[in-house]
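These are the residues of each chain, in order.
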Amino acid sequence: MNALKEFFINLGLFFQGAFDMQQRSRGHIENEANDIMDQFMILCFGDYLGIDLPTSYYALELLPYLAEDLENWQSRMTDKKSIWEEKGAKLDMDP
Amino acid sequence: MGKIIFFGGKGGVGKTSCSTAYAIGLSQKGLKTLLVSTDPAHSISDLFSEPIGSEVKLLSENLYGIEINPEEESRLYINKVRMDLKKIMSPIIMEDLNKQLDAAIVSPGSHESALFDKMVTLIIDENESFDRIVFDTAPTGHTVRLLSLPELLGGWIESLMSKRKKTISLKNMIGRNREEEDPILTILSRRKENLEKARRIMMDEDQLEFAFVLNAERMPIQETKKAVELLRHYKIKVSTLVVNKILPEAAEDEFWRHKKLKEREYLKEIKEGIQADHIFEIPLFQEDMTENTICHMANFFSEKL
Ligand SMILES: Nc1ncnc2c1ncn2[C@@H]1O[C@H](COP(=O)(O)OP(=O)(O)O)[C@@H](O)[C@H]1O
Ligand SMILES: [Mg+2]
């Protein structure tokens with residue numbers, strides 16, 4: 001359970017780092033919203049990406065409201081460039 | 001005495017028998033009691049020789065029973081999700097989702113979550129209508145996980161809610177917001193509210209307490225000690241020990257005399273080594289527990305209740 005908590009925290013910090021250097025232009029706001037949405041989806045449906053979450057069952061009732069996003073999100077996540085690499089690349093640009 | 005009593009202990013020690021006898025004892029004292037079975041084997045039905053099922057049912061004066069079937073609960077919940085999905089998703093995507101939902105219905109993780117959900121609902125809904133709620137629970141490890149879930153789930157929900165709110169406010173900034181009331185936030189806050197209600201009840205020493213059933217043997221004593229420590233770590237009070245299947249005083253036979261001597265030592269170790277407010281000593285009966293014999297066991301509880 002602690003490992004999971006840590007995962008939640010790290011996930012937050014990780015994405016946080018990616019945001020701070022962005023300008024708050026319209027495009028960036030949109031990006032930020034999408035990023036947070038991605039995190040939200042990971043917390044709900046991480047098991048579809050092989051992240052074992054004890055909360056999966058409770059996320060199911062959200063599925064009808066997220067199913068349309070899910071498909072899109074899943075294909076993006078399983079894209080050859082994973083989200084982690086993408087975010088990693090952004091972090092690397094940090095001087 | 002607490003209002004909600006969880007019976008814990010290893011499989012076969014007598015949780016179902018003792019929790020049932022205890023509940024009968026409470027009802028005989030005039031306390032309106034709900035006996036909840038969480039065992040999919042549904043053994044409390046056998047002790048009343050009538051089907052009980054997933055609705056609260058009157059069993060005798062002041063005594064009510066309900067049997068939670070985790071798989072059935074998980075099926076109900078997931079099939080509702082399935083119906084909602086069918087309305088909006090194309091048949092092709094539905095085919096894929098159906099496979100995932102079918103897998104979710106039968107997964108042990110789902111059964112545990114479904115059981116937890118139903119227990120939370122029962123505690124919230126029935127807390128007011130009963131003087132006592134007695135749970136015939138699953139084995140120790142399972143119970144501890146169950147009781148630690150509110151914390152884990154609470155953190156998860158909070159994290160989801162804050163992310164959802166952030167997304168909505170960002171979308172508002174660029175004029176891309178959809179609805180007035182977000183159904184996702186509605187669901188999450190309802191869950192959060194229920195969880196907090198249940199946590200308040202479950203974490204309250206005066207409300208929830210634990211009764212441990214064990215037999216006077218070496219292994220169970222060690223295990224019970226560990227379990228009591230673990231529960232204490234989760235701030236759950238183990239107020240009651242039930243030492244079940246105590247041997248009769250049989251003097252003739254060397255074998256049984258030796259057994260009895262050993263048992264006395266173990267009993268002493270239990271009384272000295274495990275802290276509890278009440279210790280019930282329940283004899284080993286000649287017959288298995290049935291509708292007829294369970295009342296004899298109940299007498300041993302009601303005497304001291
Ligand atoms: N005090 C007792 N005397 C005789 N048989 C008992 C006693 N307590 C339990 N039993 C029997 O032992 C078996 C296991 O009891 P049960 O209550 O189902 O245990 P658990 O729920 O912990 O698995 C059952 O067959 C029951 O009838
Ligand atoms: Mg049982």
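Structure's up top.
Note that the coordinates shown come from a computational prediction; the quantities given were computed from them, not determined experimentally.

Procedures and definitions
- Residues numbered from 1 in each chain as written.
- Chains lettered and ligands numbered in written order.
- Predicted model: local features only at pLDDT ≥ 70, side-chain atom pairs only at ≥ 80, totals over all residues.
- Heavy atoms only, no water.
- Helix = DSSP H or I, 4+ residues; strand = E, 2+ residues; numbered from the N terminus.
- Buried < 20%, exposed > 50% of the residue type's maximum accessible area, 1.4 Å probe, protein only.
- Contact = heavy atoms within 4.5 Å.
- Areas by Shrake-Rupley, 256 points an atom, 1.4 Å probe, with all protein chains shown as cover.
- Salt bridge = Lys/Arg side-chain N within 4 Å of Asp/Glu carboxyl O.
- Phe/Tyr/Trp six-rings, centres within 6.5 Å; stacked < 30°, edge-to-face > 60°.
- Lys NZ or Arg CZ within 6 Å of the ring centre and 35° of its normal.
- Near = heavy atom within 4 Å.
- Polar contact = N/O pair within 3.5 Å; in protein donor to acceptor, adjacent residues only side chain to side chain.
- Nonpolar A, V, L, I, M, F, W, Y, C, P; charged D, E, K, R; others polar.
- Buried area = accessible area lost by both parts, 1.4 Å probe.

## Quick word on the overall build of chain A
Thinking step 1. The helix and strand tally for chain A stands at five helices and zero strands.
Thinking step 2. Each helix and strand of chain A, placed in order from N terminus to C terminus, yields the pattern α-α-α-α-α.
Thinking step 3. In chain A, buried positions account for 44% of the 95 residues.
Thinking step 4. For chain A, contacts bridging at least 24 residues in sequence account for 63% of all contacts bridging at least 6.
Thinking step 5. On chain A, roughly 5,100 Å² of surface is accessible, and the fraction owed to carbon and sulfur atoms is 50%.

## Some details on the pattern of salt bridges
Thinking step 1. Under the counting rule described, the total for this entry stands at 17 salt bridges over all chains.
Thinking step 2. Glu-254 of chain B serves as the salt-bridge partner of Arg-257 of chain B, at 2.8 Å between the closest nitrogen and oxygen. Taken as a pair, Arg-257 of chain B and Glu-254 of chain B lie in helix H9 (residues 254–273) at a separation of three residues, close to a single helical turn.
Thinking step 3. Salt bridges sharing partners connect three or more residues here, namely Glu-61 of chain A together with Asp-117, Arg-190 and Arg-191 of chain B.

## Considerations on the environment of Ile-78 of chain B
Thinking step 1. Considering the arrangement of structural elements, one finds Ile-78 of chain B in helix H3 (residues 70–88).
Thinking step 2. A residue is classified by how much of its surface remains accessible, and Ile-78 of chain B, at 0% relative accessible area, is buried.
Thinking step 3. Between the C-alpha atom of Ile-78 of chain B and that of Glu-265 of chain B, which follows or precedes it by 187 residues, the distance is 51 Å.
Thinking step 4. Excluding anything up to four places from it in sequence, Ile-78 of chain B contacts Tyr-57 and Leu-60 of chain A together with Leu-101, Ala-104, Ile-105 and Ser-110 of chain B.

## Considering unusual backbone geometry
Residues and elements named next belong to chain B.
Thinking step 1. We note that Asn-62 has phi near 70°; this positive angle belongs to a residue other than glycine.
Thinking step 2. Note that Asn-62 resides in the loop between strand S3 (57–60) and strand S4 (63–67).
Thinking step 3. Phi is positive for Lys-245, close to 65°, though the residue is something other than glycine.
Thinking step 4. Positionally, Lys-245 belongs in strand S7 (residues 237–246).
Thinking step 5. Accessibility expressed as a relative area gives 36% for Lys-245, which makes it partly exposed.

## Section: the packing of aromatic side chains
Thinking step 1. In the structure shown here, the tally under the stated rule is 13 aromatic pairs over all chains.
Thinking step 2. Between Tyr-22 of chain B and Phe-280 of chain B, the aromatic rings sit 6.2 Å apart at their centres with planes inclined by 85°, giving edge-to-face as the arrangement. Separated by 258 residues along the polypeptide, Tyr-22 of chain B in helix H1 (residues 15–28) and Phe-280 of chain B in strand S8 (residues 278–283) bring together distant segments of the chain. Each member of the pair, Tyr-22 of chain B as well as Phe-280 of chain B, is classed as buried.
Thinking step 3. Geometrically, the ring pair formed by Phe-285 of chain B and Phe-300 of chain B is edge-to-face, given 6.0 Å between the ring centres and 75° between the ring planes. Separated by 15 residues along the polypeptide, Phe-285 of chain B in the loop between S8 and helix H10 (294–302) and Phe-300 of chain B in helix H10 bring together distant segments of the chain.
Thinking step 4. Judged by its relative accessible area of 31%, Phe-300 of chain B is partly exposed.
Thinking step 5. Note that Lys-32 of chain B overlies the ring of Phe-130 of chain B, its terminal NZ or CZ placed 4.9 Å from the centroid.
Thinking step 6. Geometry around Phe-40 of chain A places Arg-164 of chain B over its ring, the cationic atom sitting 5.8 Å from the centre.

## Here we look at the site of ligand 1
Residues and elements named next belong to chain B.
Thinking step 1. The local shell around ligand 1 holds 17 residues, among which Gly-12, Lys-15, Thr-16, Ser-17 and Met-289 are the closest.
Thinking step 2. A distance of 2.7 Å is found between an oxygen atom of ligand 1 and a backbone nitrogen or oxygen belonging to Lys-15.
Thinking step 3. Pro-283 is positioned with one of its backbone polar atoms (N or O) 2.9 Å from a nitrogen atom of ligand 1.
Thinking step 4. Relative to its unbound accessible area of 560 Å², ligand 1 is 80% covered by the protein chains.
Thinking step 5. Residue assignment for the shell around ligand 1 shows that the elements contributing at least two residues are H1 and S7.
Thinking step 6. When residues of the shell around ligand 1 are assigned to their parent elements, the largest contribution, three residues, is made by H1.
Thinking step 7. The residue inventory of the shell around ligand 1, partitioned by class, reads six nonpolar, six polar and five charged.

## Comments concerning the interface of chain A and chain B
Thinking step 1. Counting residues at the interface gives 34 residues for chain A, matched by 43 residues for chain B.
Thinking step 2. Buried surface at the junction of chain A and chain B, summed over both partners, amounts to about 3,700 Å²; 71% is from carbon and sulfur atoms.
Thinking step 3. Among the residues of chain A in contact with chain B, Tyr-57, Tyr-58 and Glu-61 of chain A are the three that bury the most area, contributing 22% of the side total.
Thinking step 4. The tally of links between chain A and chain B comes to 10 residue pairs in polar contact (both at pLDDT 80 or more).

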